[in-house]
Amino acid sequence: AENVAIATTRSMSSPTVAFVPNQVDSSGHSGHSGHSALRVRVGPSVLAGDLSNLAFETHRVIRAGADYVHLDMFDGNWIKGAFTFGPMVVKAIRHHEPLAYLDVHLCVLHPEQYLEEMKNAGASRVTLHFEALSDSRAAAERAHGLGLEVGLALAPETFLDESLLSVAELFDAVLVMTVPPGFGGQAFMPEMLPKIRRLREAFPTKALEVDGGVTPTTAAMAAAAGANEAVAGSSVFHSHSLRRAIRELRHSLEQGQRTWQREQREQS
Ligand SMILES: O=C(CO)[C@@H](O)[C@H](O)COP(=O)(O)O
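Below or above, wherever it landed, is the structure these notes cover. This one's a predicted model, so the numbers in the text were calculated from it and none came from an experiment. (Residues numbered from 1 in each chain as written. Predicted model: local features only at pLDDT ≥ 70, side-chain atom pairs only at ≥ 80, totals over all residues.)

### As for the overall build of the chain
As a reminder, the rule being used: Elements are defined by DSSP. Helices are runs of H or I of four residues or more, strands are runs of E of two residues or more, and each kind is numbered from the N terminus. Buried residues are those with 20 or more other C-beta atoms within 10 Å of their own C-beta, exposed residues have 12 or fewer, and partly exposed residues lie in between; C-beta atoms are placed from the backbone. By the criterion used throughout, residues are in contact when their C-beta atoms, derived from the backbone, lie within 7 Å.
Looking only at helices and strands, the chain features 9 helices and 12 strands. When each of the 268 residues of the chain is scored for burial, the buried share is 48%. Considering only contacts in the chain between residues 6 or more positions apart, those separated by 24 or more positions represent 63%.

### Side note on the sheet that holds strand 10 (residues 173-177)
Our working definition: By the convention used here, strands pair only if DSSP detects at least 2 bridges between them. For every element, the axis is a line fit to its C-alpha atoms; helices are fit only across the contacting stretch, and the angle between N-to-C directions ranges from 0 to 180 degrees.
In space, the 8 strands of this open sheet follow the order 5-12-11-10-9-8-7-6, with parallel pairing throughout. The sheet is open, and its two edges are formed by strand 5 (41-44) and strand 6 (69-74), each paired on a single side. Within this sheet the neighbouring strands show an average axis-to-axis angle of 25°, counted without direction. When strand 9 (residues 149-154) meets strand 10, the two strands line up parallel, connected through 4 bridges. Each bridged residue has a counterpart across the sheet, and for Gly151 the counterpart in strand 10 is Ala173. Contacting strand 8 (125-129) and strand 9, helix 4 (residues 136-145) runs over the sheet at an angle of about 155° to strand 9.

### Some remarks on the site of the ligand
Inclusion rule: For each residue, a C-beta atom is placed from the backbone, and the residue is labelled near a molecule or strand when this atom is within 6 Å of it. For this classification, Asp, Glu, Lys and Arg are treated as charged, while Ala, Val, Leu, Ile, Met, Phe, Trp, Tyr, Cys and Pro are nonpolar and the rest, including Gly, are polar.
As a matter of local geometry, the ligand sits amid 22 residues, with Ser45, Leu47, Gly184, Gly233 and Ser234 nearest to it. Of all the secondary-structure elements, those providing two or more residues to the shell around the ligand are strand 6, strand 12 (229-232) and helix 8 (234-237). Its residues assigned to classes, the shell around the ligand shows 8 nonpolar, 12 polar and 2 charged.

### Some remarks on helix 6 (residues 193-202)
Counting along an α-helix, one turn takes 3.6 residues, and residues three or four places apart therefore face a common direction. For clarity, the threshold we go by: Regarding the arc, it is the one traced by the directions from the helix axis to the C-beta atoms.
Residues Leu193, Lys195, Ile196, Leu199 and Arg200 constitute the buried set of helix 6. Projection of helix 6 onto a plane perpendicular to its axis shows the buried side chains occupying an angular sector of 160°, all on one side. In helix 6, those exposed residues whose orientation departs by more than 90 degrees from the buried face are Pro194 and Glu201. Contact partners of the buried residues in helix 6: helix 5 (162-168), strand 10, strand 11 (207-211) and helix 7 (216-225).

Written out as structure tokens, the structure is:
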């Protein structure tokens, strides 16, 4: 088992903090038992922060203990009317935060067109919507060829069948949207929990991320279904203490994960 969860790699063009999925059992030891846990990670979504001051917001959450930072790129086309920023802004954030793990969620038409630019901008991981891709397999291959980690995002209405599972296999991570993508502050959709559960059954060691309406309560529900990464906007940025909000989310993920492990033990 890999003992090291975070490995720092640097290159001239894109310094990144690379995530190495880490298996740690409930006693805190690494191992490959059937029910070993994946490292849990909390990634605040700066969409809920001050969009005019993204470097500052990124720095604030990293300093408050975030494991990574989630950056939502909207192009105004894939989700009509929702615009945020593109690769140039990611590059500017990277300039201020040379070591942060930047998880860029591309809610855009034909996200594959931005892979190279995102690599050059210093993204650590790009997450591409299955619904917006014309060739998911080719996109995963291209991202890997560029040395990028790549995630596959699934909108709530996307049905998870065997063919989608075989596509997801090619990606480093799967992001289950627990709200319709587009804006923050929406309510978590518990009906997405079976999708998370099915993905975890299929991929015991893949990073499995949830995004939308994530609070300590819903983070625990998602982790009990198998998620190990949580993106949270409102519950972090609208809290009194970023540090406490991030700590509570991590604690909830760990608690949920213990529930998931217990269930697995009981079933075997
Ligand atoms: O991708 C999105 C919305 O499309 C998210 O990353 C939101 O920013 C999450 O915000 P909250 O639901 O946590 O407020």
